[in-house]
Amino acid sequence: MAAVGIGLGIFIFLLVSAYTSEYITKPDNTAGCLPGLIAAVWAAWPFFHHAGVSRYNFLHPVPREYKTPIKQAFAQIRDIISDVSYNFGDKWHVSTADVNQRRILASLRFTDEETKIEGTNLQNIHTRKERVQRLLEMEVQFKDTGNDSTIVQFDFHPRVEGAQWYACDHIVSGLVSRVEGALGPGTDRGQPADTKIPAPPWWLVGLGALGVLSLGSSIMTAVFK
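Thresholds applied
Residues numbered from 1 in each chain as written. Predicted model: local features only at pLDDT ≥ 70, side-chain atom pairs only at ≥ 80, totals over all residues. Heavy atoms only, no water. Helix = DSSP H or I, 4+ residues; strand = E, 2+ residues; numbered from the N terminus. Buried < 20%, exposed > 50% of the residue type's maximum accessible area, 1.4 Å probe, protein only. Polar contact = N/O pair within 3.5 Å; in protein donor to acceptor, adjacent residues only side chain to side chain. Phe/Tyr/Trp six-rings, centres within 6.5 Å; stacked < 30°, edge-to-face > 60°. Core = buried A, V, L, I, M, F, W, Y, C linked by side-chain atoms within 4.5 Å. Contact = heavy atoms within 4.5 Å. Expected span 1.5 Å × (residues − 1). Arc of directions from axis to C-beta. Salt bridge = Lys/Arg side-chain N within 4 Å of Asp/Glu carboxyl O. Patch = residues over 30% accessible without salt bridge, like charges linked within 9 Å, V, L, I, M, F, W, Y side chains within 5 Å. Areas by Shrake-Rupley, 256 points an atom, 1.4 Å probe, with all protein chains shown as cover.

**Remarks on the side chain of Glu139**
1) Next: Along the chain, the position of Glu139 falls in strand β6 (residues 126-144).
2) Next: Given a relative accessible area of 18%, Glu139 falls into the buried group.
3) Next: Side-chain polar atoms of Glu139 contact the side chain of Arg103, separated by 3.1 Å.

And the structure:
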């Protein structure tokens, strides 16, 4: 969704700035840049909002209840975290695994490769591989329902170098799938964050007002020039 927002924002910027400069504020060919930029932000904001909420729901999935006693669920998830490995040997480092506190804290640190494009003009553009760091922190919380079932809550916090902000996503989805396979199908105990577009925030309304004032000023300048 963010990519759609960027593409739409660029299109709206070019359209609005060109139309404004050509038909409204001519001969001032730069007066349409600010209104075009503000229109682009307005057009892209719903897509960025939706992408941000979806990202939050991915990294902080809804708690799920499993028909497994808490000690058994704790042990199974602890074993999964200890056994799984990535990139031929990178493993989770567990800093806390306390069944009495009903939580597990773990982190995974590894290096990865990204391809970077370099060059000052079309004739000497080239690519090179660059080693970058990844860090994924995880917290797992357990709640005993008292009916031989357990509610499990995952929270992930990735930090990545480079441009691939999604570099840890396959680890997150893979680990959650492993747990689901080990504990059996679970039931959601909560609601994900709503992706419905809310009312525009005040900063966006203020930005729109600034665009209207700027456009009005440019029109007055063009009329009385």
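**Topic: the packing of aromatic side chains**
Aromatic ring pairs are defined here through the distance separating the ring centres and the angle between the ring planes.
1) Next: Within this structure, the stated rule accounts for three aromatic pairs.
2) Next: Seen in terms of ring centroids, Trp165 and Tyr166 are 5.5 Å apart; in terms of plane orientation they differ by 85°. Their pairing is edge-to-face.
3) Next: Since its relative accessible area comes to 52%, Trp165 is described here as exposed.
4) Next: Residue Tyr166 is classed as partly exposed on the basis of its relative accessible area, which comes to 43%.

**Quick look at the nonpolar core**
1) Next: One finds Ile77, Trp92, Leu136, Met138, Phe142 and Phe156 to be the most contacted residues of the largest nonpolar core, which totals 28 residues.
2) Next: The set of elements that each furnish at least two residues to this core consists of α3 (70-83), β5 (103-118), β6, β7 (150-160) and α4 (169-183).
3) Next: Ignoring any residue separated from it by four or fewer positions in sequence, one finds Met138 in contact with Ile81, Trp92, Ile104, Leu105, Ala106, Phe154, Asp155, Phe156 and Leu175.

**Here we look at α3**
Since the α-helix advances by 3.6 residues per turn, residues separated by three or four positions end up pointing in the same direction.
1) Next: Taking 1.5 Å per residue, 14 residues should reach 20 Å; α3 reaches 20 Å between its end C-alpha atoms and fits that length.
2) Next: Of all the positions in α3, only Ile70, Ala73, Phe74, Ile77, Ile80 and Ile81 are classed as buried. Buried residues along α3 cover an arc of 130° about the axis, so they all sit on one side. Across from the buried face of α3, at angles greater than 90 degrees, the exposed residues are Lys71 and Asp83.

**So, the pattern of salt bridges**
1) Next: Enumeration according to the criterion identifies eight salt bridges in this entry.
2) Next: A salt bridge links Glu113 to Arg131, with the shortest nitrogen-to-oxygen separation between them at 3.7 Å. Highlighted residues: Glu113 in strand β5 and Arg131 in strand β6, separated in sequence by 18 residues.
3) Next: Taking the relative accessible area as the measure of exposure, Glu113 reaches 40% and is therefore partly exposed.
4) Next: Arg131 gets classed as exposed once you look at its relative accessible area, which sits at 53%.
5) Next: Arg159 serves as the salt-bridge partner of Glu137, at 3.5 Å between the closest nitrogen and oxygen. Placement of Glu137 in strand β6 and of Arg159 in strand β7 is noted, with a sequence separation of 22 residues between them.

**Focus: a nonpolar patch on the surface**
1) Next: The grouping of Ile6, Ile10, Leu14 and Phe48 at the surface amounts to a nonpolar patch, some 390 Å² of accessible area in total.
2) Next: Per-element tally for the nonpolar patch: the top contributor is helix α1 (residues 2-24), with three residues.
3) Next: Within the fold, Leu14 resides in helix α1.

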